[in-house]
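Structural overview for review
Letter by letter, the chains look like this.
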Amino acid sequence: MGRRIAPSSAPKRCTAVSREDDAELHEQITELREAVSARDAFIAIAAHELRNPMTPIRGQAELLLRKVRRGGCSTDEIEFGLERIEWLINQYMKRASALLDVSRITSGKLSLTPERVQLASVMRASVASLLPLAQHAGSTIELAVPDSLVGEWDSLAIEQIIDNLVSNAIKYGAGKPITLSAAAEGRSALIRVRDHGIGIPDEERARIFDRFERAIGSGSHATGFGIGLWLVRQLVEAMDGEVTVDTPAGGGTLFAVKLPRQTKAVL
Ligand code: ADP
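So, here's what we can say about the structure. A quick note: this is a predicted structure, and the numbers were derived from the prediction, not measured. (Residues numbered from 1 in each chain as written. Predicted model: local features only at pLDDT ≥ 70, side-chain atom pairs only at ≥ 80, totals over all residues. Heavy atoms only, no water.)

**Concerning the overall build of the chain**
Broken down by element type, the chain carries 6 helices and 7 strands. Ordered by position from N to C terminus, the α and β elements of the chain give α-α-α-β-α-β-β-α-β-β-α-β-β. In the chain, which comprises 267 residues, the share counted as buried stands at 40%. Relative to all contacts within the chain whose residues are 6 or more apart in sequence, the contacts with residues 24 or more apart total 70%. (Helix = DSSP H or I, 4+ residues; strand = E, 2+ residues; numbered from the N terminus. Buried < 20%, exposed > 50% of the residue type's maximum accessible area, 1.4 Å probe, protein only. Contact = heavy atoms within 4.5 Å.)

What follows is the structure in structure tokens.
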């Protein structure tokens, strides 16, 4: 938009126009700042989403290498190990391409594609890919989900939601057992991720879903950008769902995601 020039003989009008100019300039600066912070957010998301899945890949490669070096590793075992690594890399590539969608969240242009998703298979895949990480942390993961639980969701979004919540349960779970479960509840599906770890203080609960927010005291336990839960909430809400967090009896943390089994396609 062009800037207007005020006639020099009309000081009052000049002041008014100058204010208008100021407002316009201010608006442009705000827009620029927002664009820069959206770009920064995207870089942080990219780093988070591309780094996290490398851990199970490295774990699996190290495991295979140790076996081979010890000797007596059969061709079948090597093949199985390599297949596992290949599968993890494919998952990684899927995640990398999903980053484009994540960047669209910030600009409000994310569109999700609902398809028939069986929660049990997504959850099993997530547990399988995070198992080396859980084992390293000393946690077991118990999975309870009926095969019959299906819904119309964006499958990549569901994977990201579950992966983020389970990897947090491992990161902040203090090496104690983790339970991942899902059940039908009326027209919705209720997914629960429960750990027995460090927990989240009451006053921190609302804040942890904001971008770049981390609960005080979590720094010494794990590294992170405070992006995972923001992503989870964006994706859950894009599918008309709701995510909540609680401290259950016995301590630790319980995340609950309620998703209508039929969702709209567009954010
Ligand atoms: P981060 O990359 O820091 O893990 P998240 O957005 O995934 O970012 O989580 C935000 C913050 O919420 C974390 O830094 C941590 O303080 C807290 N948090 C998330 N999940 C858990 C959990 N299962 N137990 C305890 N604290 C958690």
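The rest of the description comes next.
**A few points about the sheet that holds strand β5 (residues 188-195)**
The strand order across the open sheet built from 5 strands is β2-β4-β5-β7-β6, with neighbouring strands paired in mixed fashion. The sheet terminates laterally at β2 (141-144) and β6 (242-246), the two strands that pair on one side only. When strand polarity is set aside, the average angle formed by the axes of neighbouring strands in this sheet is 15°. Of the strand pairs in this sheet, strand β4 (residues 178-185) and β5 are connected by 7 bridges, and their pairing is antiparallel. Residue Thr-179 lies in a different strand from β5, and its bridge partner there is Arg-194. Of the strands in this sheet, β2, β4 and β5 are in contact with helix α4 (residues 119-137), which crosses β2 at around 175°. (Pairing = 2+ DSSP bridges. Axes fitted to C-alpha atoms, helices over the stretch in contact; angles between N-to-C directions.)

**A word on the side chain of Asn-168**
Along the chain, Asn-168 turns up in helix α5 (residues 155-171). Beyond its immediate chain neighbours, meaning those up to four positions away, Asn-168 contacts Gly-173 and Leu-229.

**So, the environment of Leu-259**
Relative to the helices and strands, Leu-259 resides in strand β7 (residues 253-260). You can call Leu-259 buried: its relative accessible area is 1%. Sequence spacing of Leu-259 and Ala-189 is 70 residues, and the spatial spacing of their C-alpha atoms is 5.3 Å. In this structure, Leu-259 is in contact with Trp-153, Ile-158, Arg-187, Ser-188, Ala-189, Ile-191, Val-236, Met-239 and Gly-241, ignoring residues within four places of it in sequence.

**Notes on the environment of Leu-180**
With respect to the helices and strands, the residue Leu-180 is situated in strand β4. Residue classification places Leu-180 among the buried positions, given a relative accessible area of 0%. Put simply, Leu-180 and Ala-169 are 11 residues apart on the chain and 9.7 Å apart in space, counted from C-alpha to C-alpha. Aside from chain neighbours lying at most four places away, what touches Leu-180 is Met-123, Val-127, Glu-142, Leu-143, Ala-144, Ile-162, Val-166, Ile-191, Arg-192 and Val-193.

**Description of the nonpolar core**
A general tendency of soluble globular proteins is for nonpolar side chains to be buried together. Core analysis: the biggest nonpolar cluster contains 46 residues, and Leu-119 and Phe-255 have the highest contact counts within it. Within the residue set of this core, elements represented by two or more residues are α4, α5, β4, β5, α6 (228-238), β6 and β7. Among residues more than four places away in sequence, those in contact with Leu-119 are Val-145, Leu-149, Trp-153, Ile-158, Ile-162, Ala-182, Ala-189 and Ile-191. (Core = buried A, V, L, I, M, F, W, Y, C linked by side-chain atoms within 4.5 Å.)

**Some words on the pairing of β4**
By the bridge criterion, 4 bridges tie β2 to β4 in an arrangement that is parallel. Across the sheet, residue Ile-141 finds its bridge partner in β4, namely Ile-178. A loop of 2 residues connects β4 with β5, the two strands running antiparallel in sequence, and Gly-186 in this loop sits at a positive phi of about 60°.

**Observations concerning a negative patch on the surface**
A surface patch of like charges, here negative, comprises Asp-76, Glu-77, Glu-79, Glu-83 and Glu-86. With a relative accessible area of 60%, Asp-76 lands in the exposed category. (Patch = residues over 30% accessible without salt bridge, like charges linked within 9 Å, V, L, I, M, F, W, Y side chains within 5 Å. Areas by Shrake-Rupley, 256 points an atom, 1.4 Å probe, with all protein chains shown as cover. Salt bridge = Lys/Arg side-chain N within 4 Å of Asp/Glu carboxyl O. Lys, Arg positive; Asp, Glu negative; His and termini not counted. Charge placed at Lys NZ, Arg CZ, Asp CG, Glu CD.)

**Regarding the environment of Lys-176**
In this fold, Lys-176 is placed in the loop between α5 and β4. On the accessibility criterion, Lys-176 (41% relative accessible area) is partly exposed. Distance from Lys-176 to Asp-195, taken between C-alpha atoms, is 7.1 Å for residues 19 residues apart in sequence. When neighbours within four sequence positions are excluded, Lys-176 is seen to be in contact with Ser-139, Thr-140 and His-196.

**Some words on the packing of α5 against α6**
The interhelical angle for the contact between α5 and α6, taken along N-to-C directions, is 145°, at an axis separation of 9 Å. Relative to α6, α5 is oriented so that their crossing is left-handed. For the pair α5 and α6, contact is made by Ala-157, Gln-160, Ile-161, Asn-164, Leu-165 and Asn-168 and by Gly-228, Leu-229, Leu-231, Val-232, Leu-235 and Val-236, respectively. The class makeup of the residues in the contact of α5 with α6 is 8 nonpolar, 4 polar and no charged. (Left-handed = near helix turned anticlockwise from the far one by under 90°. Nonpolar A, V, L, I, M, F, W, Y, C, P; charged D, E, K, R; others polar.)

**Some points on the packing of aromatic side chains**
Scanning the entire structure with this criterion turns up 1 aromatic pair. Centroid distance Phe-209 to Phe-255: 6.2 Å. Interplanar angle 85°. Geometry classified as edge-to-face. Taken together, the positions of Phe-209 in the loop between β5 and α6 and Phe-255 in strand β7 put the pair 46 residues apart, joining distant regions of the chain. (Phe/Tyr/Trp six-rings, centres within 6.5 Å; stacked < 30°, edge-to-face > 60°.)

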